[in-house]
Amino acid sequence: MIKNYIKIAFRSLLKSKATSVINVLGLSIGMACCIVIFLFVQNEMSYDKFHSKSDKIFRVLTIDKALGVSNSLVGITLPVLGASMEDNFPEVVNRVRMLPQGRQLITYEQQGFYTDHFAYAEPSIFEMFDFKLVEGDVENALKNPNTVVVTQSMAQKTFGTDNPIGKRIDIGGQPGLEVVAVMKDVTENSHLNFDVIVSMQQADTTSGFAQFLNSWQSISMVTYVELASPANEETVEDKMETLIRANNVGENFSVTLQPLKDVHLKSSGILFENYNLNKTDEGYVFTLAAVGLFVMLIASFNFMNLSTARSANRAMEVGIRKVFGAIKKQLINQFMVESVFLCLFSLFVAIGLVAALGSAVSLPFNDNLAIHFISNPVWIVGALIFTVVLGLFSGSYPAFMLSSFSPISILRGSFKTSGKGVLLRKSLVVFQFMVSIVMIIGTAIVYDQLQLLRNADKGFDTEQILTLDVSHPSLQPSIQVLKNKLEQNPSILATAGTASMPGRTFGRRGVRPEGAGPDDTWIVSVLNFDEHFVGLMGMEIAQGRLFNREIATDQQQAVIINESMAKQLAWNEPIGKKLTFGQNESTIIGVVKDFHFASLRYQIEPLAMFYNPNGGGSLAIKLNTEDVSKTMAFVQDTWDEVFPNSPLEYRFFDEEFGQQYQSDEKFGTLVFSFTWLAIFIACLGLFGLSAFTAQQKTKEIGVRKVLGASVVGIVVLLSNQFTRLIIIAVLLASPLAYYMMEYWLSDFAYRVDINWLWFLASAVVALLIALATVTYQSVKAAMVNPARSLRCE
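Residues numbered from 1 in each chain as written. Predicted model: local features only at pLDDT ≥ 70, side-chain atom pairs only at ≥ 80, totals over all residues. Heavy atoms only, no water.

**Describing the environment of A66**
Logical step 1: Note that A66 resides in the loop between β1 (57–64) and β2 (73–74).
Logical step 2: Taking C-alpha positions, A66 is 9.4 Å from G250, a pair spaced 184 residues apart along the chain.
Logical step 3: If sequence neighbours within four positions are ignored, A66 has contacts with N252, T521, W522 and I523. (Helix = DSSP H or I, 4+ residues; strand = E, 2+ residues; numbered from the N terminus. Contact = heavy atoms within 4.5 Å.)

**Considering the packing of helix α3 (residues 81–88) against helix α7 (residues 233–246)**
Logical step 1: Two elements in contact, α3 and α7, have axes separated by 11 Å at closest approach and are oriented at 115°. One finds that α3 runs roughly perpendicular with respect to α7. Classified by chirality, the crossing of α7 by α3 is right-handed. Mapping the contact onto sequence places L81, S84 and M85 in α3 and V236, M240, L243 and I244 in α7.
Logical step 2: Of the residues in the contact of α3 with α7, the class split is 6 nonpolar, 1 polar and no charged. (Axes fitted to C-alpha atoms, helices over the stretch in contact; angles between N-to-C directions. Parallel < 35°, antiparallel > 145°, perpendicular 65-115°, else oblique. Left-handed = near helix turned anticlockwise from the far one by under 90°. Nonpolar A, V, L, I, M, F, W, Y, C, P; charged D, E, K, R; others polar.)

**Comments concerning the nonpolar core**
Logical step 1: Residues F433 and M537 are the most contacted members of the largest nonpolar core, which totals 106 residues.
Logical step 2: Residue contributions to this core peak at 14 residues, all from helix α14 (residues 419–455).
Logical step 3: In contact with F433, not counting residues within four places along its chain, are A682, C683, L686, I726, A729, A766 and A770.
Logical step 4: Of all hydrophobic cores here, the second largest spans 29 residues; its members include V96, M98, F194 and I197. (Core = buried A, V, L, I, M, F, W, Y, C linked by side-chain atoms within 4.5 Å. Buried < 20%, exposed > 50% of the residue type's maximum accessible area, 1.4 Å probe, protein only.)

**Details of helix α5 (residues 152–159)**
Logical step 1: Three or more residues of α5 are buried, namely M154, A155, T158 and F159. The arc that holds every buried residue of α5, seen down its axis, measures 100°, which confines them to one face.
Logical step 2: Structurally, α5 contributes buried residues whose contacts are with β3 (92–108), β4 (111–121), β6 (147–151), β7 (168–171), β8 (174–183) and β9 (196–199).
Logical step 3: Looking one or two places after α5, you find G160, whose phi comes out positive at around 65°. (Arc of directions from axis to C-beta.)

**A few points about the state of the cysteines**
Logical step 1: According to the stated counting rule, one finds 0 disulfides in the structure shown.
Logical step 2: Just so you know, C33 is unpaired, no disulfide at all, and the nearest cysteine sulfur is the one on C34, 8.4 Å from it.
Logical step 3: Taking the relative accessible area as the measure of exposure, C33 reaches 4% and is therefore buried. (Disulfide = S-S within 2.5 Å.)

**Considerations on the side chain of S300**
Logical step 1: Structurally, S300 can be placed in helix α8 (residues 282–311).
Logical step 2: In terms of polar contacts, S300 uses its side chain to reach the backbone carbonyl oxygen of M296, at 2.7 Å.
Logical step 3: Each residue touching S300, except ones within four places of it in the same chain, is listed here: L27, F386 and L390. (Polar contact = N/O pair within 3.5 Å; in protein donor to acceptor, adjacent residues only side chain to side chain.)

**Here we look at the pairing of strand β14 (residues 507–513)**
Logical step 1: Two elements, β14 and strand β15 (residues 522–529), share 5 bridges in a ladder whose sense is antiparallel. Within β15, the position partnered with G507 by the bridge is V526.
Logical step 2: Pairing of β14 with strand β18 (residues 578–581) involves 2 bridges; the strand directions are antiparallel. In the strand pairing of β18, R512 is matched with T580. (Pairing = 2+ DSSP bridges.)

What follows is the structure, given as structure tokens:
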């Protein structure tokens, strides 16, 4: 019987080729989009869950409530806090402290390589986290001072095919570190990543670093704790507050815990966590999941709509089959099998689309997306269940409706599409275009916001600036030599030394401003640079002067602040005012106009800038725009001449600064792409429905033409009903889109205003697209010879 049902299904599909193609194409594209988005969302949600203790591991965060701080939550804490928690809290069974250092120069046998993810860590890292060792003893890894663990990739890069165990390397000026273990490369879905881990253990317990590890006076340590039970989180947080108060930590500081599973998705507002790789916003992930759901719903509703509409053309077939003895159950089964068969075929085509086009989507999978999808039994079973349910649901209405009609009424030609069927189809069209319009409005606003982030006046230049990493101690004595040689080239307009660059993390320090109240606690961001930096960056001085190498007191006693600091201190005349940092008093000599040294997501915080004639860990180079490639070759040659044993590490500043918005732009690109796919799928359905409507009105159109109706009049007649549906969709979509985008924009300190023109433009775009889709079928129907139309039965 099933074989017979499938045979009839094939015949029916071939008989209605256009409708079948529209159904398969729309549903396949929707399913393919849903599969891709599902894989993306699943990957984002899987971060750090591969650790067997992930539900018991928490990150220690600090809340800074001092004056001058607008972003109070930071991903670092007091150095000694983790150890004290383990010693004093029975709920804490383990802890690990680490100091990620990012890119660092590693030297082996006079050859230099850069590590991408270097960090200091305690040996408990291998007890708490499931970072696997492939060589070496996990029980003793990092337990001795001056030992190091490298990843397989770093071992291959540094030692080639030699056995790395026992080899000694230099990192960041720290010589003679012994490799004691090789770690498996960290998976992509980890917010922590390491290629080199150096032991934090100290041979000399009186060293400065050992004293730092026991300090209650610095917010600088990355700390994770393992609790005996996740239920202890609130108890431990209460005890943490008591502990830091007992150790005289400033009242402006408090501490809290963040579950490991939340670190990747719920840290968008947390600063000082450059080690939290590829972090994204939970809202983005859920929004994309909703987009995938909406695209799938639009495709599914298309399928249901066309299945319902097409059922009217099957009435005569049902009547004849009933006359020949077919029972209601058989007819229901026939329609159900046809619908399920078409859905399963669409799933097969969708997987083919993912296999063919999946490489265009940037997802961290080693194999093809389609193979990655079908290789997981849970996913493929879930997809099959969803597809079968969709087929049964889509086929249920025509199956039960047509099978219930009397064959006599059908064969007499008195069968009419029911009012409920028409209402259902209209409701589905309204929903499809309501969702599409919401997505069009959202895409427009996301695009405008990203343009604002990219093009807003940042207070400095970003173009044609190159930054070199000169942080390694071995490079410091010859940096001036490098600068002198570089500046001999007319293509290099200027060089400047700086401790950091806008977009990177700036440090923070406590400060006591002149005239501040005795109970006022101020903390400000700080930056050191030489006398050329402000000019090279195109920053502007608002009051006073810049640093001067000829003025001896500038290095020890002078400070420049930004406008935000002067404003928050309510200083109209800040020049000459005093700022006290610890025991050192500095005099304000200048005020720089505000510039965005962090993302435009955040308000500009007070900033204090100090003079360092030697610059710092970065060398900024301003290039002209004539021949960048030739200038870069000169920079490379000059570097090799001055530092023959060290590789050149450089970045273009505009690209580096723009990476702050990488997550936002990725989100915008995905939403934009899937929005137009959703509109395309909705239009496919509308195309099919308009064809069905024109077919149903064939005789009516013929009569109207005989009575003198024009082609334009008939087109308007056929288009009107769809125009009304789109207008209803616009009215429903507008308030929903406004609410959703207000919520999304609330996360930005600097944001665009929602303009009503976006809503009007989106409505016009949706209406024009819909009318263009419908008009083709309407004109085609109106151009038919009325003699042929009136012969239609």
